[in-house]
Amino acid sequence: MQIGFIGIGLMGFPMAKNLIKSGYKLKAFNRSQDKAERLKDFGAEISVSIKDVVTSSDVIITMLTDDVAVEKVIISDEFIKNIKPNATVIDMSSINPVLSKKCAKLLKEKKINYLDAPVSGGTIGAEEASLAIMVGGDEKTFNECVDLLKILGNPTLVGPVSSGQISKLANQIIVGVTIGAVAEAITLCEKSGTNPSKMIEALSGGWADSKILQTHGKRMINKDFSPKGKTTTQLKDMTNIINAGKAVETHLPISSLIKEMYKELVTDGHGNTDHSSLYNVIEKMNKK
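About the criteria used
- Residues numbered from 1 in each chain as written.
- Predicted model: local features only at pLDDT ≥ 70, side-chain atom pairs only at ≥ 80, totals over all residues.
- Heavy atoms only, no water.
- Salt bridge = Lys/Arg side-chain N within 4 Å of Asp/Glu carboxyl O.
- Helix = DSSP H or I, 4+ residues; strand = E, 2+ residues; numbered from the N terminus.
- Buried < 20%, exposed > 50% of the residue type's maximum accessible area, 1.4 Å probe, protein only.
- Core = buried A, V, L, I, M, F, W, Y, C linked by side-chain atoms within 4.5 Å.

Enquirer: Account for the pattern of salt bridges, naming residues and giving values.
Expert: Tallied over the entire structure, the rule returns 15 salt bridges. A salt bridge links Lys223 to Glu190; the shortest N-O distance between them is 3.0 Å. Of this pair, Lys223 sits in the loop between α11 (211–222) and α12 (231–247) while Glu190 sits in helix α9 (residues 163–192), placing them 33 residues apart in sequence. Judged by its relative accessible area of 29%, Glu190 falls in the partly exposed class. Here Lys284 makes a salt bridge to Glu264, at a shortest N to O gap of 3.1 Å. Here Lys284 is found in helix α14 (residues 279–285), whereas its partner Glu264 is found in helix α13 (residues 253–267), with 20 residues between them in sequence. What makes Lys284 partly exposed here is its relative accessible area of 33%. On the basis of relative accessibility, which here comes to 23%, the residue Glu264 falls in the partly exposed class. The network of salt bridges with common partners includes Lys27, Glu45 and Asp52.

Enquirer: Any chance you could break down the nonpolar core for me, citing the residues and the numbers?
Expert: Looking at soluble globular proteins, one finds that nonpolar side chains tend to be buried together. Ranked by internal contacts, the top residues of the largest apolar core, which has 34 residues, are Leu26, Leu39, Ile90 and Met92. Secondary-structure elements contributing two or more residues to this core are β1 (2–6), α1 (12–21), β2 (25–29), β4 (59–62), β8 (131–136) and α8 (139–150). If you look at the next biggest cluster of nonpolar residues, it comprises 27 residues, including Ile200, Ile212, Ile241 and Tyr279.

Okay, structure coming up:
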């Protein structure tokens, strides 16, 4: 099976690397070619165009930043006109569910299979091949690709096309809100003279314990906001969450609050910091 991989960024690089290490032949393409070139050392073939990467690929995986990037790739003539009939596109980007349906419809007209398969787990999950993979699409296509996806993490078929994106948005509600809760907990400890590291230790194994408390909490204590999951990405997800709610006439009040906090963080110039830097918004509020 020939794999085409488009989008060799923070997540795409370790994901593509794991596929190559598992024995798959892989052609890689990235708009900034130097990012794709890093895969040469692992045995990847580097493509110079979208046409080149899709023409000979049986499965094309896309891992792109947002809706605009996905539209520029999957909905482009260069992609649609050169992909093989009966090939499968697995979009692992996190995008608006409406766009997933649009991509699926367009590709189906060309006899091309499609799965929306966004992931959770960040760069650590991508490196360790332990990503949670939420898949939307038909069961036959999923079954044909499940072994491939298992190399990247733990895939689950959650429903028809766009169900993967809805599940990812549900995931991001929990992530965004929990980061906010952890930031408040750390702040309360710091302002009260309680050791926040000892608080995290004390909560270990209890109902409030979580990966976010253990990982992001320590980042907040150390004030280390080097990007693992970017603030701009979390804001994009929170915006898609609110829009998905509106589409089904559902108000999501806590998500709306967290979205505005991330918006403030980006406006203040922290768009490229880790999403745990939501701590800084609470810190700013307490300096007024």
